[in-house]
Amino acid sequence: MSRDKKNICVVGGAGHAGLPLSLAFASAGQHVIIYDLNATAMDDIRKGTMPFVEHGAEPLLKQALQENRLTFTTDPNEIERAEHVIVAIGTPVDEYLNPKLRALLDLFSELRPHLRPSQTIVIRSTVFPGTCRHVERFLGDKDSQWKIAYCPERIAQGFAIRELSELPQIVSGCSPEAVESATQLFALLAPEIIRVKIEEAELAKLFTNAWRYIQFAAANQFYMLANNAGADFNRIRDAMVRGYGRAASLPTAGFAAGPCLLKDTMQLAALNTNGFWLGHAAMMVNEGLPSFIVESLRQKYDLAGKHVGILG
Ligand SMILES: NC(=O)c1ccc[n+]([C@@H]2O[C@H](COP(=O)([O-])OP(=O)(O)OC[C@H]3O[C@@H](n4cnc5c(N)ncnc54)[C@H](O)[C@@H]3O)[C@@H](O)[C@H]2O)c1
């Protein structure tokens, strides 16, 4: 391996965040070890097939395979070979909408025997505030200085390949060495690096998703108000936003789907001992939209004995 080629291991590298990132690093000339427990997805990827829709990814995958820039493994021993270890596993909330912190901490327990302080460990998953310092304390011992960085993923699923080269990358770390190393790594992909404290980066990611979820809720609430008043929200929105920059950020109405917006808004609620009223209000509006639509249908049609399928 040439001296300027990095060996990067992406833990959770077969997932929606991890795989496009692995492909982006591979197309930037790096060697990427994809470490994942999902053997079925790994088989697909190894054969050059994306396990999910991601625009523009498949040609990059095929090229990376051809150039031998990807290695696939379910063996944690392989992680030892990497200079940079990027963690991109899922960080869901539980059935009470509280963050499942254990998933990430359990992962670090599993990985601990294969990690060394000379590596840069980049947490890419969206985390509950304080998690990165917690990981540092968990890994740390008094004689070694670990390099732990937090560089949140901000792509929209499906558009990652384009966005990884367009979006500025937020970079933070538990030490200046970690920040420097992560900066050099992400400078390979991102047009701009934004450095902040690690606590700020954790909140910046969660605020980004909560902000989007709240914006969708505003549009959805207006949609319901307009509908109840017998008016057409799309015509009203168009009249509001056209040529009027101050209203331009009002989204169209629709289901606030995707894997992250609700869970990350709820992570902020959990952080603030459930005192995130705007977040909870957004949840009531956005998650209530399907039943609003069914109710609206019920007023027009006899739904008795019928199944209503809502796609979106
Ligand atoms: N999906 C998105 O568009 C998106 C966007 C921004 C941020 N994020 C964040 O990125 C993180 C990952 O989300 P995702 O959507 O990619 O999840 P995902 O479920 O698609 O992928 C996670 C991957 O991690 C693997 N994995 C789980 N536990 C593992 C373990 N112990 N060892 C090795 N591999 C393991 C899974 O097999 C899976 O392939 C989350 O924190 C999410 O909030 C996701």
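Residues numbered from 1 in each chain as written. Predicted model: local features only at pLDDT ≥ 70, side-chain atom pairs only at ≥ 80, totals over all residues. Heavy atoms only, no water.

- Taking an unreviewed UniProt entry as the reference, the chain is identified by name as Nucleotide sugar dehydrogenase belonging to marine metagenome.
- In its Sequence similarities (unreviewed entry) section, UniProt records this for the chain: "Belongs to the UDP-glucose/GDP-mannose dehydrogenase family." (UniProt positions renumbered as here; feature names shortened; annotations may be inferred.)

### A word on the overall build of the chain
No. 1: Within the chain, the secondary structure is distributed over eleven helices and eight strands.
No. 2: Based on the C-alpha atoms only, the size of the chain along its principal axes is roughly 65 × 45 × 45 Å.
No. 3: Relative to its 312 residues, the chain shows a buried fraction of 46%.
No. 4: Across the chain, every contact between residues at least 6 apart in sequence was considered, and the portion connecting residues at least 24 apart equals 71%.
No. 5: Roughly 16,000 Å² of accessible area belongs to the chain as shown, and the carbon and sulfur atoms make up 54% of that amount.
No. 6: Across the chain, 31 positive and 33 negative side-chain charges occur, with their mean positions spaced 4 Å apart. (Helix = DSSP H or I, 4+ residues; strand = E, 2+ residues; numbered from the N terminus. Buried < 20%, exposed > 50% of the residue type's maximum accessible area, 1.4 Å probe, protein only. Contact = heavy atoms within 4.5 Å. Areas by Shrake-Rupley, 256 points an atom, 1.4 Å probe, with all protein chains shown as cover. Lys, Arg positive; Asp, Glu negative; His and termini not counted. Charge placed at Lys NZ, Arg CZ, Asp CG, Glu CD.)

### Considerations on the pairing of strand β4 (residues 84–87)
No. 1: Side chains His84 and Ile86 of β4 all project onto a buried face; the interleaved residues Val85 and Val87 project onto the opposite face, where all are buried too.
No. 2: Two strands pair when backbone bridges link them, and strand β1 (residues 7–11) and β4 are joined in this way by four bridges, in the parallel orientation. For Val10, the partnering residue across the bridge sits in β4 and is Ile86.
No. 3: As paired strands, β4 and strand β5 (residues 120–123) are joined by four bridges and run parallel to one another. Bridging across to β5, His84 finds its partner in Thr120.
No. 4: Between the parallel pair β4 and β5, the chain is carried across by helix α4 (residues 102–111), and the sense of this crossover is right-handed. (Pairing = 2+ DSSP bridges. Right-handed = clockwise from strand over helix to strand, strands pointing away.)

### Quick word on helix α3 (residues 57–66)
No. 1: Taken as a whole, α3 has its buried residues at Ala57, Leu61 and Ala64. Each buried residue of α3 sits inside an arc of 70° when the element is viewed along its axis, so together they form one side. Across α3 from its buried face, at more than 90 degrees, point the exposed residues Pro59 and Gln66.
No. 2: If you follow the buried residues of α3, they end up packed against α1 (18–27), α2 (39–46), β3 (70–73) and α6 (160–164).
No. 3: Taken from the residues just after α3, Asn68 is the one with a positive phi, measuring 55°. (Arc of directions from axis to C-beta.)

### Focus: the site of the ligand
No. 1: Around the ligand, 24 residues are found, and the nearest of them are His16, Ala17, Asp36, Thr91 and Lys263.
No. 2: In this structure, an oxygen atom belonging to the ligand sits 2.7 Å away from a side-chain N or O atom of His16.
No. 3: The separation between an oxygen atom of the ligand and a polar side-chain atom of Thr91 is 2.5 Å.
No. 4: Computed on the free molecule, the ligand has an accessible area of 830 Å², of which 83% lies beneath the protein chains in the complex.
No. 5: Its residues placed into classes, the shell around the ligand shows ten nonpolar, nine polar and five charged.
No. 6: Mapped onto the domain boundaries, the shell around the ligand takes at least three residues apiece from domain 1 (7–196) and domain 2 (206–300). (Near = heavy atom within 4 Å. Polar contact = N/O pair within 3.5 Å; in protein donor to acceptor, adjacent residues only side chain to side chain. Nonpolar A, V, L, I, M, F, W, Y, C, P; charged D, E, K, R; others polar. Domains from an automatic or database assignment.)

### Some points on α1
No. 1: For α1, the tally of buried residues reaches nine of ten residues, placing the bulk of the element in the interior.
No. 2: Here α1 has its buried residues at Gly18, Leu19, Pro20, Leu21, Ser22, Leu23, Ala24, Phe25 and Ala26.
No. 3: Just past α1, the residue Gly29 takes up positive phi, approximately 95°.

### Some points on the sheet that holds strand β6 (residues 147–150)
No. 1: Taking strand neighbours across the sheet as the criterion, the eight strands line up as β3-β2-β1-β4-β5-β6-β7-β8 in an open arrangement whose pairing is mixed. Every interior strand has two partners, whereas the edge strands, β3 and β8 (193–195), have only one. Adjacent strand axes in the sheet meet at a mean angle of 25° when their direction is disregarded.
No. 2: Judged from the three bridges that link them, strand β7 (residues 169–173) and β8 form a sheet pairing that is parallel. Each bridged residue has a counterpart across the sheet, and for Gln169 the counterpart in β8 is Ile193.
No. 3: This element, α4, spans β1, β2 (31–35), β4 and β5 of the sheet and lies at about 150° to β4. (Axes fitted to C-alpha atoms, helices over the stretch in contact; angles between N-to-C directions.)

### Quick notes on the packing of helix α10 (residues 261–271) against helix α11 (residues 277–300)
No. 1: Two elements in contact, α10 and α11, have axes separated by 9 Å at closest approach and are oriented at 150°. In terms of orientation, α10 and α11 fall into the roughly antiparallel class. When you trace α10 past α11, the crossing you get is left-handed. Across the interface between the two elements, Leu262, Thr265, Met266 and Ala269 of α10 pack against Gly279, His280, Met283 and Glu287 of α11.
No. 2: Its residues placed into classes, the contact of α10 with α11 shows four nonpolar, three polar and one charged. (Parallel < 35°, antiparallel > 145°, perpendicular 65-115°, else oblique. Left-handed = near helix turned anticlockwise from the far one by under 90°.)

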